[in-house]
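Structural overview for review
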Amino acid sequence: MVRAGKSLSEALLVLADEPAVARSAAQDVAYGVLRRYGWGEFILGRLMSKPLTHPETQALLLGALYRLDTRPDSSPMVVDQAVAAAGELAGGVFKGVVNGVLRNFLRRQSELTAAAAADTLAAAQHPDWWLAQLQAAHPADWQRIVAAGNQPPPMGLRVNVRQATRDDYLARLQGAGIEARAVGECGLALARPAAVDSLPDFAQGVVSVQDPGAQRAAELLAPAPGSRVLDACAAPGGKTAHLLERADLDLLALDLKASRCRRIEENLIRLHLHAEVRVADCVKLETWWDGRPFAAVLADVPCTASGVVRRNPDAKWLRREADIASFAAAQARILDALWQVVQPGGKLLYATCSVFPAENGQQIERFLARRPQAGRCHEEQLLPTAEHDGFYYCLLEKRA
């Protein structure tokens, strides 16, 4: 379904009614296949004279190849299960093809693995235009960014400082046998991902799952207690909650869809926090703004998500190079609209989860050129590491 243009989250909705164990296993394969999609397509291209015309069987082969390469000890079982699954697709006409392709891969695995390693696209597992963008923007770091993007993401936590100190919660984790280390002001990085129901007092709102890089937003905006604050693109509510954990605020959270606003509200309820949450397009001021300015505005704008592809591996294959300009245009509209609601002397934090300059530094340069009353207070580009994802932040002040 991702090959047809659907996002991975949409595609995985078909698993909603499956048992938790089966759902988790299927998700693991789906994410793994998409992280290594360039490799899988390369291998299939070497094993087949022409692509299959049946997308479901093509996807089955990609999943089976991923399992064979990452779990070689279970090869016989993987082949048997894939052949059995092929028997239930398209009337079983591709059952023999699946059996032959997978057994041929096992015979030629060393040869094919070496060939894939020598092929730029197969080895990098990113589209060629994406690689060109990274090479131009980050010539010294692009290979590290690519390598990070091909790995499973780290799991970070944010301690709700209204309920516990970080050191206290770190001790609770250790007592539960969960290894972690401190990151940032109130963050923790887990040594290994863990189910949320295994985290001490998660249901009671003592801790949330949030990447340490994403936690920089509240740390940088840092509105004073009692301030009127706007989180303009707020769902699922992690940054909204972090702002409220740090200080009592008069906070308005906006998002385009009612379903996404419900997620914000659910997160706030779990954390025992309160904000006004409204369904609105932040650009259409006349539909939501009452004319009272904000001391602080968070503009966590839609973007290519090029800094978080290990969490959203479908983005690499759904995006097109032209999408960068489309996102940049939308971001500029958001910036110009939200700048109007910032009070003199107030601040706006522009944030993306991108590593492409057109959405980040270049966007800000264009904004500053058309808004002479805007001043840049702070700017940082976080590149993805073993500890956090890739984010860009620029804190702007409206001169009085």
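Quick caveat, the model's predicted, so the values are computed rather than measured.

Structural notes on the pairing of strand S1 (residues 156-159)
- Alternating residues of S1 divide into Gly-156 and Arg-158 and Leu-157 and Val-159, and every residue in both groups is buried.
- Inspection of the sheet shows S1 paired to strand S3 (residues 187-190) by three bridges, in the antiparallel sense. Opposite Arg-158, over in S3, you have Gly-187 as the bridge partner.
- Two elements, S1 and strand S4 (residues 207-209), share three bridges in a ladder whose sense is antiparallel. For Leu-157, the partnering residue across the bridge sits in S4 and is Val-209.

Some points on the sheet that holds S4
- Spatially, the four strands line up as an open sheet ordered S2-S3-S1-S4, and their pairing is antiparallel. Looking at the sheet topology across the chains shown, the edges are occupied by strand S2 (180-183) and S4. Averaged over all neighbouring strand pairs, the angle between strand axes comes to 30 degrees, with direction disregarded.
- Strand contacts of helix H10 (residues 166-175): S1, S2, S3 and S4, with the helix running at about 25 degrees to S3, the strand carrying the most contacts.

Here we look at the packing of aromatic side chains
- The final tally for this structure, using the stated rule, is nine aromatic pairs.
- Between Trp-339 and Phe-367 the ring centres are 5.4 Å apart and the planes differ by 80 degrees, which places this aromatic pair in the edge-to-face class. Remark: Phe-367 occurs in helix H16 (residues 361-370) and Trp-339 occurs in helix H15 (residues 322-339); sequence separation between them is 28 residues.
- Here Tyr-350 and Tyr-392 contribute two aromatic rings whose centre-to-centre distance is 6.2 Å and whose plane-to-plane angle is 70 degrees, an arrangement assigned as edge-to-face. Of the two residues, Tyr-350 sits in strand S9 (residues 342-352) while Tyr-392 sits in strand S11 (residues 391-398), which places them 42 residues apart along the sequence.
- On the accessibility criterion, Tyr-392 (2% relative accessible area) is buried.
- The positively charged end of Arg-36 is found above the aromatic ring belonging to Trp-39, 4.3 Å away from the centroid.
- In this structure, Arg-270 is placed above the aromatic ring of Phe-202, and the distance from its NZ or CZ to the ring centre is 4.0 Å.

The rules behind these values
Residues numbered from 1 in each chain as written. Predicted model: local features only at pLDDT ≥ 70, side-chain atom pairs only at ≥ 80, totals over all residues. Heavy atoms only, no water. Buried < 20%, exposed > 50% of the residue type's maximum accessible area, 1.4 Å probe, protein only. Helix = DSSP H or I, 4+ residues; strand = E, 2+ residues; numbered from the N terminus. Pairing = 2+ DSSP bridges. Axes fitted to C-alpha atoms, helices over the stretch in contact; angles between N-to-C directions. Contact = heavy atoms within 4.5 Å. Phe/Tyr/Trp six-rings, centres within 6.5 Å; stacked < 30°, edge-to-face > 60°. Lys NZ or Arg CZ within 6 Å of the ring centre and 35° of its normal.

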